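The lines below spell out each chain.
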Amino acid sequence: MVKALAKELILRKGEIHTPIETIYFGGGTPSLLSAIEIDFLLQTIDHNYEITSNPEITLEANPDDLTKQKIIELANSKINRLSIGVQSFFNDDLKLLNRAHNATEAINSLKIATKYFDNITIDLIYGIPNLDEEKWQKNLQITFDLDVNHISSYALTVEPKTALFQLIKEKKYPKLDEELALAHFNILVEETQKENYLHYEVSNFAKEGYISKHNSAYWNGINYIGIGPSAHSFNGKMRSWNINNNTKYIKALQENNLPSQQETLSKTELYNETIMIGLRTSWGISLNDIELKFGKKIKETLLQNIKKHLKNKTLQLINNQLSTTKKGKFLIDGIASDLFFI
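What you see is a predicted model; the values in this text were computed from it and never measured.

Draft legend 1. Summary view of the overall build of the protein chain. Looking only at helices and strands, one finds 15 helices and 13 strands in the protein chain. Computed over C-alpha atoms, the radius of gyration of the protein chain comes to 21 Å, within 12% of the 20 Å expected from 2.2 N^0.38 for 342 residues, which places it in the range of a compact globule. With the principal axes as the frame, the protein chain shows a C-alpha extent of 55 × 50 × 45 Å. Across the protein chain, the fraction of contacts at a sequence separation of at least 24, relative to all contacts at a separation of at least 6, is 65%. When the accessible area of the protein chain is evaluated, it comes to approximately 18400 Å², of which 50% is carbon and sulfur surface. Across the protein chain, the centroid of the 39 positively charged side chains sits 5 Å from that of the 41 negatively charged ones.

Encoded structure:
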């Protein structure tokens, strides 16, 4: 698999024409990679792409993967940012979410990791049934006490064919409560603000200097390539995705073939994506950019469509920059779909 990843990197080196600013080892369990394998892949990138002098290099990991030895090994590599899938600091929540780690492992991994890494982000889940407001605040306080500089926090969603879906279907567990999720979200916004986190994207909060460069590139529509099975790429006009079968992926690369499909996005799709992504960020959407990319008529239509949201104070328009208000942040999906072209 590692050789196949390197081969894909080499075959696709002509797709990126600007210096690489971020590298992200994500999806699956990249923490299973050894320091030697990580170094091999980073060397492959270095030999085939232009890289900035100080790229942000992130690796996703679960707390149960992060022994002290593993953390030290990663700290001695070129990885300079860790993304740790904590989800919760309470065992009952972790059991419900089917996580392999427990609360003690989560806290211990962060205590060690923060000694070796300055730039750490964790994931937290809210809107979990039976997670009351006091427990949610404790989750946040533990995060603050551990001096974590970046938080990605998402509302729980229930996917079909999961254990939680079945429990709710069989009425063995309560349905998701949108009001509870909203209460948790409001607490999240208020408590992180008190701790001087910047709420720079709906689900992302960072101390000064710790905004994710990688995720910000996605939200700003910068081109990227995704390497590996199921990975997606975007070049500003086309989206491509790799086959989701490991064996077929490896076989294709061994034969010097790219195991991917692609589609060209329509003007409507690009516009809708610009609206959805832009509204999620604190910097919002430039109406000047909308006119430049999609034309004056589409900009004028957008100005008409936002009137009721401006009146409801869920959107704000300042210096030709459209963004959500505090009231609108939890309603972004509905607001964005209301502004879409169909």
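Draft legend 2. Region of interest: the packing of helix α11 (residues 267–280) against helix α12 (residues 287–294). In contact at an axis separation of 11 Å, α11 and α12 are set at 170 degrees when each is read in the N-to-C sense. Considering their axes alone, α11 and α12 lie roughly antiparallel with respect to each other. Listed contacts from α12 to Lys267, Leu270, Tyr271, Thr274 and Ile275 of α11 are Ile290, Lys293 and Phe294. For the contact of α11 with α12, the residue count by class is five nonpolar, one polar and two charged.

Draft legend 3. Looking closely at the sheet that holds strand β13 (residues 321–324). Read across the open sheet, the three strands follow the order β11-β13-β12; overall the sheet is antiparallel. Each end of this open sheet is capped by a strand with a single partner; those strands are β11 (285–286) and β12 (315–318). Across two bridges, the pairing between β11 and β13 is antiparallel. Residue pairing for β13: isoleucine 285 is matched across the bridge by leucine 322.

Draft legend 4. Structural view of the packing of α11 against helix α15 (residues 332–339). Close contact between α11 and α15 brings their axes to 9 Å; oriented N to C, the two are set at 150 degrees. Judged by the angle between their axes, α11 and α15 are roughly antiparallel. With respect to the hand of their crossing, α11 and α15 are arranged in right-handed fashion. Every residue of α15 that contacts α11 at Tyr271, Ile275, Met276, Leu279 and Arg280 is listed here: Ile332, Asp333, Ile335, Ala336 and Leu339. When its residues are assigned to classes, the contact of α11 with α15 shows eight nonpolar, no polar and two charged.

Draft legend 5. Summary view of the sheet that holds strand β3 (residues 81–87). Strand order across the open sheet formed by seven strands is β1-β2-β3-β4-β5-β7-β6, with mixed pairing between neighbours. Each edge of the sheet is formed by a strand with only one pairing partner; in this case those strands are β1 (20–25) and β6 (198–201). Neighbour-to-neighbour, the strand axes of this sheet turn through a mean angle of 25 degrees, independent of strand direction. Pairing of β3 with strand β4 (residues 120–126), which is carried by four bridges, proceeds in the parallel orientation. Along β4, the bridge assignment pairs serine 83 with threonine 121. Set on the sheet, helix α8 (residues 178–194) makes contact with β4, β5 (150–155), β6 and β7 (204–206); between it and β4 the angle comes to about 150 degrees.

Draft legend 6. Molecular detail of the pairing of β1. Of the strand pairs in this sheet, β1 and strand β2 (residues 51–61) are connected by five bridges, and their pairing is parallel. Counterpart to threonine 22 in the pairing with β2 is glutamate 56. With helix α2 (residues 35–48) bridging β1 and the parallel β2, this β-α-β connection has right-handed handedness.

Scoring rules and cut-offs
Residues numbered from 1 in each chain as written. Predicted model: local features only at pLDDT ≥ 70, side-chain atom pairs only at ≥ 80, totals over all residues. Heavy atoms only, no water. Helix = DSSP H or I, 4+ residues; strand = E, 2+ residues; numbered from the N terminus. Rg over C-alpha atoms; globule rule 2.2 N^0.38 Å. Contact = heavy atoms within 4.5 Å. Areas by Shrake-Rupley, 256 points an atom, 1.4 Å probe, with all protein chains shown as cover. Lys, Arg positive; Asp, Glu negative; His and termini not counted. Charge placed at Lys NZ, Arg CZ, Asp CG, Glu CD. Axes fitted to C-alpha atoms, helices over the stretch in contact; angles between N-to-C directions. Parallel < 35°, antiparallel > 145°, perpendicular 65-115°, else oblique. Nonpolar A, V, L, I, M, F, W, Y, C, P; charged D, E, K, R; others polar. Pairing = 2+ DSSP bridges. Left-handed = near helix turned anticlockwise from the far one by under 90°. Right-handed = clockwise from strand over helix to strand, strands pointing away.

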